[in-house]
Amino acid sequence: MKNFSPEWQWPCPAERKIILYPDMETVILKNIMLPDAVHADIVVAGGVIAKVIEKRGGQAGGGLSGMQADGSCCPAEGYDVSLEGAWQMDCSGKMAVPGFVNMHTHAAMSLMRGMEEDVLFHRWLDRIWAIESKVDADFVYWGTRAACLEMLRTGTTTFNDHYWHAPAAFRAASEMGLRPVESYVFLDRYDPDEAERQKEQCMRQYEESLSWGGNGLFTVGIHSVYSVGEKTMLWAADFARRHGLKLHIHLSETQKEVNDCIREHGLTPVEYLDRLGILGPDLIAAHTLWLSDHDVELLGSHRVNCVHNINSNLKLASGYRFRYNELRDAGANVCIGTDGCASSNNLDILEALKTAAMVQKAWRGDPSAMPLGELLEIATVNGAKALGLNTGLIREGMDADILIVDTENTFFLSGGSPLANLIYSAHSDCIVTVMCRGRIVMEDRKVAGEKDTLEGARRVLPRI
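Fair warning: this is a prediction, and the values are worked out from it, not measured in the lab.

1. Let's talk about the overall build of the protein chain
When its secondary structure is counted, the protein chain shows 15 helices and 17 strands. Taking all 464 residues of the protein chain together, the buried fraction comes to 60%. A sequence separation of at least 24 residues applies to 71% of the contacts in the protein chain between residues at least 6 apart. Carbon and sulfur atoms provide 49% of the accessible area of the protein chain, an area that totals close to 18,200 Å².

As structure tokens, then:
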């Protein structure tokens, strides 16, 4: 077996290509701790977790436990893995965690953080829209590259993007080694001519996305019930349904949105979407903060994917009483997102998890609210389920999206739960190496192309 030693191949700025690591048939993460404190050897082959060999009752001596006489191991069903010539990483003092799935963000807004501070939501939104009128595809490309650099450093391997110029964002993210989910977002402001133009753009971008292969997903986005006409929403939902695409919308984010919808339609935003036939298991509803009991019942019965964006909601004073227990119990699939950096100011899922749990415990007066196991799920496997992806768990046969966390520091210096220490004590800089679909995209906190990314982002900043 070979020792793991990356061969860095830095990109040519003119081509904007990034080759992070040579293709590796098999990688072995040796003696790594799982979130339940059990140690294991994890065999990754062909981008998939082929084998998890647990070492209960102490470490196995010599080589890999579970190894066959011919140098192979007993892999997940359907995988024939030889360990001969495999790369191996000594992960003593490290913990493996599934890669995070950021279920709602606006990636290129990474270049807008701090621009509109201390402003009420709807005034903030008008100002952001004015800034975004200056945004072009090149700005989105570099803004998304900068966002991906930050997401890698904070453990996100998949992100559900709700922004403009999807092809440019996809190119940026795929070059950086993440798994992007990119939307065409409808925002017609009730203008019929604009609606027709956006429909044509959506169809063109969908056709272009067919060449993306397995490197990313294309979805349809609707900005909100207050910014998109009913006929456009119906067309977008039908287009998504006919093409097997997910539908991504801001929903019930503020009390004003709910009150305005009731005044105009006699229904809450959730009830309005139900009347239009838009609710369903392929709908990703960001925020879902201001909900009646009937709203919760509808979201649960339709198995809607509800995305909690706690930091953005707190910072814009949209609210904090996210009805996690009720949505979960009703049957909704609850996930977590950071929102964009213009409102939450960073893309750190660990920070969002800690804040979400503490706010739940506080407003409910219940320290058992949003318990640890469920907390990890809303950042990993629940998001994967919402997007139809084979990831989110350290389990044989799953895509190898793995975070390697350094536990040799004061944050983990206890006999308590390693997962509790990660979420409540540590910071994202404890994440030292990131694997996405079996490829190492960050190692020892180093990300290929960082200098090029920062220089490109600085070049486009003056445009806004």
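Once you've had a look at it, read on.
2. Here we look at the environment of Glu-25
Following the sequence through the fold, Glu-25 ends up in the loop between β1 (2-3) and β2 (26-33). C-alpha separation for the pair Glu-25 and Leu-83, spaced 58 residues apart in sequence, amounts to 9.5 Å. In this structure Glu-25 touches Val-44, Ala-45 and Gly-46, once residues within four positions along its chain are discounted.

3. Notes on unusual backbone geometry
You will see that Ser-252, though not glycine, has its phi angle at about 50°, which is positive. Mapped onto the elements, Ser-252 comes out in the loop between β11 (247-251) and α6 (255-265). Look at Ser-252 and you get buried, because its relative accessible area is 0%. Residue Arg-437 is not a glycine yet carries a positive backbone phi of 55°. Structurally, Arg-437 is set in the loop between β16 (431-436) and β17 (439-442).

4. Some details on the pattern of salt bridges
Counted according to the given criterion, the structure contains 23 salt bridges. Notably, a salt bridge pairs Arg-328 with Glu-374, separated by 2.9 Å at the nearest N-O pair. With a gap of 46 residues between them, Arg-328 in helix α10 (residues 324-330) and Glu-374 in helix α12 (residues 372-379) connect regions that are remote in the sequence. The class for Glu-374 is partly exposed, based on a relative accessible area of 23%. One network of salt bridges, with partners in common, ties together Asp-136, Asp-138 and Arg-463.

5. Structural notes on the pairing of β11
Within β11, five of the five residues are buried, which leaves the element mostly enclosed by the surrounding structure. The side-chain alternation of β11 yields two buried faces, one formed by Leu-247, Ile-249 and Leu-251 and the other by His-248 and His-250. Bridge count between strand β10 (residues 217-222) and β11: three bridges; the pairing is parallel. In the sheet register, Gly-221 faces β11, and the bridge partner there is His-248. Of the strand pairs in this sheet, β11 and strand β12 (residues 283-287) are connected by five bridges, and their pairing is parallel. Among the inter-strand pairings, His-250 is bridged to a residue of β12, identified as Ala-286.

6. Concerning the sheet that holds strand β13 (residues 305-308)
Reading across the sheet, the eight strands line up as β7-β8-β9-β10-β11-β12-β13-β14 and stay open at both edges, with parallel pairing between neighbours. Sheet topology places β7 (100-105) and β14 (333-336) at the edges, where each strand pairs with a single neighbour. Mean inter-strand twist for the sheet, computed between neighbouring axes without regard to direction, equals 25°. Bridge count for β12 against β13 is three bridges, and the pairing is parallel. Counterpart to Ala-286 in the pairing with β13 is Val-307.

7. Here's the deal with the packing of aromatic side chains
Going through the model one piece at a time under the given rule, you end up with 10 aromatic pairs. Ring centres of Tyr-141 and Trp-142 lie 4.9 Å apart, and the angle between their planes is 85°; this geometry places the pair in the edge-to-face category. On the accessibility criterion, Tyr-141 (0% relative accessible area) is buried. The exposure class assigned to Trp-142 is buried, which follows from its relative accessible area of 1%. Look at Phe-186 and Trp-235: their rings are 5.8 Å apart centre to centre, the planes differ by 65°, and that puts the pair in the edge-to-face class. In this pair, Phe-186 sits in strand β9 (residues 179-186) while Trp-235 sits in helix α5 (residues 230-242), placing the two residues 49 residues apart along the sequence. Summarising the burial analysis for this pair, Phe-186 and Trp-235 share the class buried. One aromatic cluster is present, built from ring pairs that chain together Phe-170, Tyr-184, Phe-186, Tyr-206, Trp-212, Phe-218, Trp-235 and Phe-239. When the ring centre of Trp-142 is taken as reference, the NZ or CZ atom of Arg-459 above it lies at 5.5 Å.

8. Details of the side chain of Asn-421
With respect to the helices and strands, Asn-421 occurs in helix α14 (residues 418-425). Relative accessible area serves as the criterion here: at 11%, Asn-421 is assigned to the buried category. Beyond its immediate stretch of four places on either side in the chain, Asn-421 contacts Phe-411, Phe-412, Ser-414, Gly-416 and Ala-426.

9. Quick notes on the packing of helix α11 (residues 349-364) against α14
The packing of two helices is summarised by the inter-axis angle and the distance between the axes. The interhelical angle for the contact between α11 and α14, taken along N-to-C directions, is 95°, at an axis separation of 8 Å. Comparing their axes, α14 and α11 come out roughly perpendicular. Where α11 approaches α14, its residues Leu-350, Leu-353, Lys-354, Ala-357, Met-358 and Lys-361 are matched on the opposing element by Leu-422, Ile-423 and Tyr-424. Here the residues of the contact of α11 with α14 are counted per class, giving seven nonpolar, no polar and two charged.

10. Side note on α6
Taken together, the buried positions of α6 are Glu-257, Val-258 and Cys-261. On an axial view of α6, the arc spanned by its buried residues comes to 95°, and they lie on one face. Buried residues along α6 sit in contact with α1 (121-132), β11 and α7 (269-276). Once α6 ends, the next one or two residues include Gly-266, with phi positive near 75°.

The rules behind each value
- Residues numbered from 1 in each chain as written.
- Predicted model: local features only at pLDDT ≥ 70, side-chain atom pairs only at ≥ 80, totals over all residues.
- Heavy atoms only, no water.
- Helix = DSSP H or I, 4+ residues; strand = E, 2+ residues; numbered from the N terminus.
- Buried < 20%, exposed > 50% of the residue type's maximum accessible area, 1.4 Å probe, protein only.
- Contact = heavy atoms within 4.5 Å.
- Areas by Shrake-Rupley, 256 points an atom, 1.4 Å probe, with all protein chains shown as cover.
- Salt bridge = Lys/Arg side-chain N within 4 Å of Asp/Glu carboxyl O.
- Pairing = 2+ DSSP bridges.
- Axes fitted to C-alpha atoms, helices over the stretch in contact; angles between N-to-C directions.
- Phe/Tyr/Trp six-rings, centres within 6.5 Å; stacked < 30°, edge-to-face > 60°.
- Lys NZ or Arg CZ within 6 Å of the ring centre and 35° of its normal.
- Parallel < 35°, antiparallel > 145°, perpendicular 65-115°, else oblique.
- Nonpolar A, V, L, I, M, F, W, Y, C, P; charged D, E, K, R; others polar.
- Arc of directions from axis to C-beta.

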